[in-house]
Amino acid sequence: MERWEHARELPQPAAHDAAPYDALLLYSFGGPNKPEDVVPFLRNVTAGKGIPDERLEEVGEHYYGFGGKSPINEQNLALKAALEAELADRGIDLPVVWGNRNWAPYTSDAVDELEKLGAERAVALVTSAYSSYSGCRQYREDLAITLDKRGQLGPDGSTGVQFDKVRSYFNHPGFAQANADAVVEAYTELAAQGGSGADAKLVFVTHSIPDTMEAASRISHATYSEQHLDLAGVVAAQVAERLGHEVPWDLAYCSRSGPPSQPWLEPDVNDHLEALAGEGLRNVVLSPIGFISDHMEVAYDLDTEALATAKDLGMTAVRAGTVGTRQPFVSGLVDLLLERAALARGDEITEATVGSLPALRSVCAPGCCLRRDGEPSGVPALCSTDLYS
């Protein structure tokens, strides 16, 4: 497990168990493990959109360039092991089960495992820190649809195994600290490459989403972009304090898809680098704040495309690490699990946050994070006050 020895001490919660939960579901996106998996995986990701296999083969070139294998599965296994170790260190006996929306082990595989364990009430931890359709609601819908197909979703939302979820954790102190640690390391690497940290721009990068999905995310207290901007300000301030100088920063986006006619959040990171170079900037640190591990959007969109763009522009650029299995992040996830357990028990607690935004809901409001603003999907979604809203 990666540890940053000079990280600030995070407050440790009182030791207790995770009741009423008897299992943790580590719930992720999934990815192919070999070239033959790529197109079937992309069919799962784009199901219902009518995209022909020829186009999926083109999109799959990103994966074929890495041997047809996404790094996300091994990273999820590493995070699972880190969570198990952290739970054991705290004396918490809670099995961790891993499941994915789009590849094996699928959601249904995870439910099978939970049932074999005899779990009655599980808490889901999604490997996305931000609240939006693709980062929260789509997982809640997939879980509900899976249980419905198994005949385990009652009309009142009752299920065989009962599921709750951990809140979106972009503004949890552990996530912020782990990102700040990674950025400080990147500034050190920038200096080692001959760049100047004092006049470097810190560019936070996240996955772009359609404008209408951005608008729909506002029901969670702040839109997807506002969540990122709030955290970015916190991380930049922590980095500036530790480096001893100001850290100017921006937010850019990557991985846009869909037709050119559909507006998505901008600027694209490559376009932004060109704009910065045009202003005379020669040193940059890229922080993938929108991702928790170095999966394909990081490995291709940043490590391959964006760093190549920076090189072509004559810039010295370093990509900061993701939070991965850094100790502040892993410890913070277990803190969040215990926080959710306390809420389920009805205990009075203070939800730990950084920045100006409140802790987001762990039980989602009706209409929360729809795919398109103002257009209910008609698809059930668990962990909400209204299953069909």
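The rules behind these values
Residues numbered from 1 in each chain as written. Predicted model: local features only at pLDDT ≥ 70, side-chain atom pairs only at ≥ 80, totals over all residues. Heavy atoms only, no water. Helix = DSSP H or I, 4+ residues; strand = E, 2+ residues; numbered from the N terminus. Rg over C-alpha atoms; globule rule 2.2 N^0.38 Å. Buried < 20%, exposed > 50% of the residue type's maximum accessible area, 1.4 Å probe, protein only. Areas by Shrake-Rupley, 256 points an atom, 1.4 Å probe, with all protein chains shown as cover. Lys, Arg positive; Asp, Glu negative; His and termini not counted. Charge placed at Lys NZ, Arg CZ, Asp CG, Glu CD. Expected span 1.5 Å × (residues − 1). Salt bridge = Lys/Arg side-chain N within 4 Å of Asp/Glu carboxyl O. Axes fitted to C-alpha atoms, helices over the stretch in contact; angles between N-to-C directions. Parallel < 35°, antiparallel > 145°, perpendicular 65-115°, else oblique. Left-handed = near helix turned anticlockwise from the far one by under 90°. Contact = heavy atoms within 4.5 Å. Nonpolar A, V, L, I, M, F, W, Y, C, P; charged D, E, K, R; others polar. Patch = residues over 30% accessible without salt bridge, like charges linked within 9 Å, V, L, I, M, F, W, Y side chains within 5 Å. pLDDT = per-residue confidence, 0-100. Core = buried A, V, L, I, M, F, W, Y, C linked by side-chain atoms within 4.5 Å. Pairing = 2+ DSSP bridges.

### Observations regarding the overall build of the chain
The helix and strand tally for the chain stands at 12 helices and 8 strands. Here the C-alpha atoms of the chain give a radius of gyration of 21 Å, agreeing with the 21 Å that 2.2 N^0.38 yields for 389 residues. Dimensions of the chain, computed from the C-alpha atoms along their principal axes, are close to 60 × 55 × 40 Å. A burial count over the chain gives 55% of its 389 residues as buried. As presented, the chain carries roughly 16,100 Å² of accessible surface, and 50% of it is formed by carbon and sulfur atoms. Positive and negative side-chain charges in the chain, numbering 31 and 57 respectively, have mean positions lying 3 Å apart.

### Quick word on helix H9 (residues 224-243)
Counting along an α-helix, one turn takes 3.6 residues, and residues three or four places apart therefore face a common direction. In this model H9 runs 29 Å from its N-terminal to its C-terminal C-alpha over 20 residues, within 8% of the 28 Å that 1.5 Å per residue would give. Immediately beyond the C-terminal end of H9, within one or two residues, lies Gly-244, with a positive phi of roughly 80°.

### Things to note about the pattern of salt bridges
Within this structure, the stated rule accounts for 21 salt bridges. With a shortest N-O distance of 3.0 Å, Arg-137 and Glu-141 are connected by a salt bridge. With Arg-137 and Glu-141 both in helix H6 (residues 133-149) and 4 residues apart, this pair spans about one turn of that helix. Judged by relative accessible area, Glu-141 falls into the buried class, the value being 5%. Salt bridges sharing common partners tie together Glu-86, Arg-90 and Asp-335.

### Things to note about the packing of helix H10 (residues 269-278) against helix H11 (residues 296-312)
It is at 9 Å that the axes of H10 and H11 come closest, and there the two elements cross at 20°. Relative to H11, the element H10 is oriented roughly parallel. The two elements H10 and H11 cross, and the hand of that crossing is right-handed. When H10 is examined against H11, the residues Val-269, Asn-270 and Leu-273 are found in contact with a partner set consisting of Leu-302, Glu-305, Ala-306, Thr-309 and Ala-310. Among the residues forming the contact of H10 with H11, the class breakdown is 5 nonpolar, 2 polar and 1 charged.

### Here's the deal with H6
Taken across its 17 residues, H6 has 13 buried, putting it largely inside the fold. Count one or two residues on from H6 and you reach Gly-151, which has phi positive near 70°.

### Focus on the packing of helix H5 (residues 107-117) against H6
The N-to-C vectors of H5 and H6 enclose an angle of 65°; their axes lie 9 Å apart at closest approach. Viewed along their axes, H5 and H6 adopt a mutual orientation that is roughly perpendicular. Crossing of H5 against H6: the hand is right-handed. The residues of H6 that touch H5, namely those facing Thr-107, Ser-108 and Val-111, are Asp-142, Leu-143, Thr-146 and Leu-147. Partitioned by chemical class, the residues of the contact of H5 with H6 number 3 nonpolar, 3 polar and 1 charged.

### Let's talk about a negative patch on the surface
Negative charge collects at one region of the surface, where Asp-211, Glu-266, Asp-271 and Glu-274 lie side by side. For Glu-274, the location among the structural elements is in helix H10. The partly exposed category is assigned to Glu-274, whose relative accessible area is 47%.

### Regarding the confidence of the model for the chain
In this model, the chain carries a mean pLDDT of 93, and residues with pLDDT of at least 70 account for 96%. In the predicted structure, residues 1-15 sits below a pLDDT of 50 and forms 28 contacts with residues beyond four places in sequence or in another chain.

### With respect to the nonpolar core
By size, the foremost hydrophobic cluster in this structure holds 64 residues, and its most contacted members are Leu-83, Tyr-169, Phe-175 and Phe-329. Of all elements in the fold, only strand E1 (23-28), helix H4 (72-89), strand E3 (121-126), helix H7 (173-192), strand E5 (201-207), H9, strand E6 (249-254) and helix H12 (327-345) reach the threshold of two or more residues within this core. A per-element tally of this core places H7 first, with 10 residues. The contact partners of Tyr-169, leaving out residues within four places of it in the chain, are Leu-125, Val-126, Thr-127, Ser-128, Ala-129, Phe-175, Ile-292, Phe-329, Leu-333 and Leu-336. Membership of the second largest hydrophobic core comes to 21 residues, among which are Leu-25, Ala-110, Tyr-139 and Phe-163.

### Considerations on the pairing of E1
Most of E1 sits out of view: 6 of its 6 residues are buried. What you see with E1 is no split at all: Ala-23, Leu-25 and Tyr-27 on one side and Leu-24, Leu-26 and Ser-28 on the other are buried throughout. In this sheet, E3 lies alongside E1 in parallel orientation, the contact comprising 5 bridges. Bridge pairing in E3 places Tyr-27 opposite Val-126. As paired elements, E1 and strand E2 (residues 96-100) share 5 bridges and run parallel to each other. Bridge pairing links Leu-24 to Val-96 in E2.

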